[in-house]
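# Descriptive structure summary
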Amino acid sequence: MEYKFSNKVAGLQASAIREILKFTSDPEVISFAAGNPAPEAFPTERIAEISDDLLRNDPILALQYSITEGYAPLRDFLKEWLGSKNCFHPEFDDLIVTSGGQQANELSCKVLLNEGDTLLCESPCFIGSLNAFRSYNVNLVGVDMEDDGINLEKLEDALKKHPNVKILYLIPNFQNPTGRTMSLEKRKAVYELACRYDFIILEDDPYGELRFAGENIPSIKSLDTEGRVIYSSTFSKLISSGFRTGFVSAPAPIIQKIIVCKQVSDVHSNIWAQVVSHRFITTVDREAHFNKLREIYRKKSDLMCGYIDNGFSKQISYVKPQGGLFVWCTLPESCDMNGFCKKAVQEYKIAIVPGNAFSIDENEVSHSFRLNYSTPTNENIEKGMEILAKMTRDILD
C-alpha cells in the first residue's frame, strides 16, 4: 500500500553522516566521519564494579519504574554541580534528567514552538538538532558564524526580519561541526539581544568539560538573570554515550512542561544508567577523570592537526579546536567539495563528512568538510591522515 506520512516527518531525510557511515562496513575504510567518544575514554572497570554492586544489593532500584524528573540523588548532585558553575539558579530554575542531550533539545522545542514559529541557529549546525527542529515544522533560519562564534550583525538582521523568533539554538563550546568556541564578548552580546528581542536561548553544551587548550569561558546560562536560557548537557562524552543520560537546567515553568512531554515520550530515562552515573560521578576523583579525558583528546587532536599543518595542501584552511571532538576544514572554492568527499571514501578509503550535511538550507553551497579525531585509534589517525594529506596534494597542488 502507499503510506502517507504526517507533515511533521514527510520531509525528513536520513542523516548524511549515517549514510556515509555505511561505507565504513568496508574493513579497508578508515573513518573520520563519526562523532563517538574514544573507546579508551570509557571507565569500564568502575562501571562494571558499580553495576555489579547495584544489581546484587539493590536490584529493584535499577529494574523498576522511576519518576519522570530523574533519579533524585542524581538531580540533587546536578543542581549542586551546575550551581557551582552558575548554570543552575535555584531561585528560578529546575532540572530534569533526559535521554541524552538530543532529547533535551527536542523537548525544549516541543514545549515552546508552534508550527511556523522561527528558530534561529548557527550555520552550519549539528544535524541531530536540525532534524529535531524540522520535525515540528518551524521556520528554521541559519545565521553565519565567524571564528569566535555567531555573526552578531547577521543575528540582529535575522531578528529584525523574523519578528516571531522564539528560540536561538547555540553550541558555544567547540561547536559541532566547526569546533569553534564563542567568545565571552559574543556570549554577553547574544544574551543582551535575547533580552531586547524577547526570545529564549537554548544553550547546548555536550563538550564543555573537554577543553584541553585555552581558558574556560563562562556559559551563557551563567549570565542569565531573567530566566531566558535553557542549558542542556549530557554524560555521553564524560561517562558513557550508551547510557543516554542527559540533563536540562531551565526556568521551572519550562521544566514542568518538559516533564509532561517526557511522560508522553518515554515515561523516564533509563534508571539503571542514572544510578550508575550518579554513583560514578560522586565517587571518583572527578577532576582527575576529566583531565584523563582531556589528555586523550588533546593528543588525538594534536596528532590529526599535525598532519594538516605539515602534510595537507596549503590551499586548505582549518579551525584548530581547543576542545571537543572535531576539526573543520575548508577547501578552495574551485574544488568540488562533495566530489572530494566521495573520492576520499571510494578511492582513498577515508570517510569524511561533507559540510553541507550540516546546512540549514539544502541548497546552500559548502566548501568545508568535518573530521573527527575521537573515534579512530591513534594508529588509524596516523595512517588515514597520511593518505588524506596525499590526496589533498594530488588534487589541489
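Each remark here, short or long, concerns the structure printed above.
Residue indices begin from 1 for each chain and proceed along its sequence in written order. Local features in this predicted model are restricted to residues whose pLDDT is 70 or higher, and side-chain atom pairs enter the listing and the counts only when it is 80 or higher, whereas totals over whole chains, interfaces and linings include all residues. Each side-chain value is worked out from all heavy atoms of the structure, with water and hydrogens disregarded.

Right, let's talk about the sheet that holds strand 13 (residues 353-354) for a bit. DSSP-based pairing: two strands are paired if at least 2 bridges between them are found. Helix and strand definitions follow DSSP, with helices as H or I runs of at least four residues and strands as E runs of at least two, each counted in order from the N terminus. Pairing within the open sheet is antiparallel, and its four strands lie in the order 10-11-14-13. Each edge of the open sheet carries a strand with a single partner, namely strand 10 (317-319) and strand 13. Where strand 13 meets strand 14 (residues 368-372), two bridges bridge the pair, whose relative direction is antiparallel. Bridged to Val353 within strand 14 is Arg370.

Classification of residues uses two cut-offs on accessible area relative to the type maximum, computed with a 1.4 Å probe and protein chains only: under 20% is buried, over 50% is exposed, and between them is partly exposed. For strand 3 (residues 118-123), a buried count of six out of six residues is recorded, marking the element as mostly surrounded by other parts of the structure. Classification remark: right-handed applies to a crossover when, strands pointing away from the viewer, the course from the first strand over the helix to the second runs clockwise. Note that the unit made of strand 3, helix 7 (residues 127-134) and strand 4 (residues 139-146) has a crossover that is right-handed. Across four bridges, strand 3 lies against strand 6 (residues 165-170) in parallel orientation. Residue pairing for strand 6: Cys121 is matched across the bridge by Tyr169.

Now for the packing of aromatic side chains. Two rings belonging to Phe, Tyr or Trp (six-membered ring only in the last case) form a pair when the distance between their centres is within 6.5 Å. Interplanar angles under 30 degrees mark stacking, angles over 60 mark edge-to-face geometry, and anything in between is tilted. Considering all chains together, one arrives at nine aromatic pairs under this definition. Seen from their ring centres, Phe243 and Trp272 are 5.1 Å apart, and the 75° between their planes marks the pair as edge-to-face. Pair noted here: Phe243 is in the loop between strand 8 (229-234) and strand 9 (245-251) and Trp272 is in helix 11 (residues 271-283), with a separation of 29 residues, a long-range link. Given the relative accessible area of 26%, Trp272 is considered partly exposed. Considering the side-chain rings of Trp328 and Phe358, the 6.1 Å spacing of their centres and the 70° angle between planes classify their relative orientation as edge-to-face. Of the two residues, Trp328 is situated in strand 11 (residues 326-330) and Phe358 in the loop between strand 13 and strand 14; the sequence distance between them amounts to 30 residues. Every member of this aromatic cluster is reached through a ring pair, and the members are Phe77, Trp81, Phe235, Phe247 and Phe290. Lying over the aromatic face of Trp81, Lys85 brings its terminal NZ or CZ to 4.0 Å of the ring centre. In our convention, an over-ring charge means Lys NZ or Arg CZ found within 6 Å of a ring centre and within 35 degrees of that ring's normal.

Considering the arrangement of structural elements, one finds Asp148 in the loop between strand 4 and strand 5 (149-150). By relative accessible area, which is 31% here, Asp148 ends up partly exposed. When the C-alpha positions of Asp148 and Leu184 are compared, they lie 9.1 Å apart, and in sequence the two are 36 residues distant. The contact rule is simple, with two residues in contact once any of their heavy atoms fall within 4.5 Å. Residues contacting Asp148, with those up to four places away along its chain left out, are Thr181, Met182, Ser183 and Lys186. Reaching out from Asp148, the side chain makes a polar contact with the side chain of Lys186 at a distance of 2.8 Å. Distance and chemistry together define a polar contact, namely a pair of N or O atoms within 3.5 Å, with one atom able to donate a hydrogen and the other to accept it when in protein, and with adjacent residues in sequence counting only for side-chain atoms on both sides.

The subject of this paragraph is helix 3 (residues 44-57). Its 14 residues place the ends of helix 3 20 Å apart at the C-alpha level, agreeing with the 20 Å of an ideal helix rising 1.5 Å per residue. The complete set of buried residues in helix 3 reads Ile47, Ile50, Ser51 and Leu54. All buried residues of helix 3 fall inside an arc of 100° around its axis, so they share one side. Exposed and oriented more than 90 degrees from the buried face of helix 3 are Glu45, Arg56 and Asn57. Elements that come into contact with the buried residues of helix 3 comprise helix 4 (59-63) and helix 11. In this scheme, a helix's expected span is set at 1.5 Å multiplied by one less than its residue total. As used here, the arc belongs to the directions running from the helix axis to the C-beta atoms.

The linkage connecting Ser123 with the following residue, Pro124, adopts the cis geometry, with an omega of 5°. Take Pro124: it is sitting in the loop between strand 3 and helix 7. The omega torsion across Asn176 and Pro177 is 25°, close enough to zero to call that bond cis. Structurally, Pro177 is set in the loop between strand 6 and helix 9 (184-197). Residues other than glycine seldom take positive phi values, yet Phe174 does so here, at roughly 55°. Structurally, the position occupied by Phe174 is in the loop between strand 6 and helix 9.

This brings us to helix 13 (residues 337-346). Residues of helix 13 that are buried: Met337, Phe340, Cys341, Ala344 and Val345. Taken around the axis of helix 13, the buried residues stretch over an arc of 120°, which confines them to a single face. Close packing links the buried residues of helix 13 with strand 12 (350-351), strand 13, strand 14 and helix 14 (378-396). The opening residue of helix 13 is Asp336, an N-cap whose side-chain oxygen sits 3.3 Å from the backbone nitrogen of Asn338.

For the rest of this paragraph, the subject is a nonpolar patch on the surface. In this scheme, patches are assembled from residues that exceed 30% relative accessible area and form no salt bridge. Like charges are connected within 9 Å, while nonpolar side chains (Val, Leu, Ile, Met, Phe, Trp, Tyr) are connected within 5 Å. The protein chains shown are the only cover counted for residues, whose accessible areas, like all others here, come from Shrake-Rupley with a 1.4 Å probe. By definition, a salt bridge exists where a carboxyl oxygen of Asp or Glu is found within 4 Å of a side-chain nitrogen of Lys or Arg. Together, Met1, Tyr3 and Phe5 line one region of the surface with nonpolar side chains, adding up to about 480 Å² of accessible area. For Met1, the location among the structural elements is in the segment before helix 1 (7-10). According to the relative accessible area criterion, Met1 is exposed, its value standing at 82%.

All axes are obtained by fitting lines to C-alpha atoms, using only the stretch in contact for helices, and the reported angles, taken between N-to-C directions, cover 0 to 180 degrees. At a minimum axis distance of 9 Å, the contact between helix 6 (residues 100-112) and helix 7 shows a crossing angle of 30°. Taken together, the axes of helix 6 and helix 7 lie roughly parallel to each other. Of the two possible hands of crossing, helix 6 and helix 7 adopt the one that is right-handed. When helix 6 is examined against helix 7, the residues Gln102, Asn105, Glu106 and Cys109 are found in contact with a partner set consisting of Gly128, Ser129, Ala132 and Phe133. Three classes are used: nonpolar for Ala, Val, Leu, Ile, Met, Phe, Trp, Tyr, Cys and Pro, charged for Asp, Glu, Lys and Arg, and polar for all others, with Gly counted as polar. Looking at the contact of helix 6 with helix 7 residue by residue, the class counts come to three nonpolar, four polar and one charged. Angle categories are assigned with fixed cut-offs, so that under 35 degrees is roughly parallel, over 145 is roughly antiparallel, 65 to 115 is roughly perpendicular, and the rest are oblique. Should the near helix be turned anticlockwise from the far one by less than a right angle, the crossing is left-handed, and should it be turned clockwise, the crossing is right-handed.

Before going further, it helps to examine the pairing of strand 9. Within strand 9, seven of the seven residues are buried, which leaves the element mostly enclosed by the surrounding structure. With four bridges connecting them, strand 8 and strand 9 associate as antiparallel partners. Looking across to strand 9, one finds that Tyr231 is bridged to Ser249.

All quantities given are derived from atomic positions and should not be read as evidence of function.
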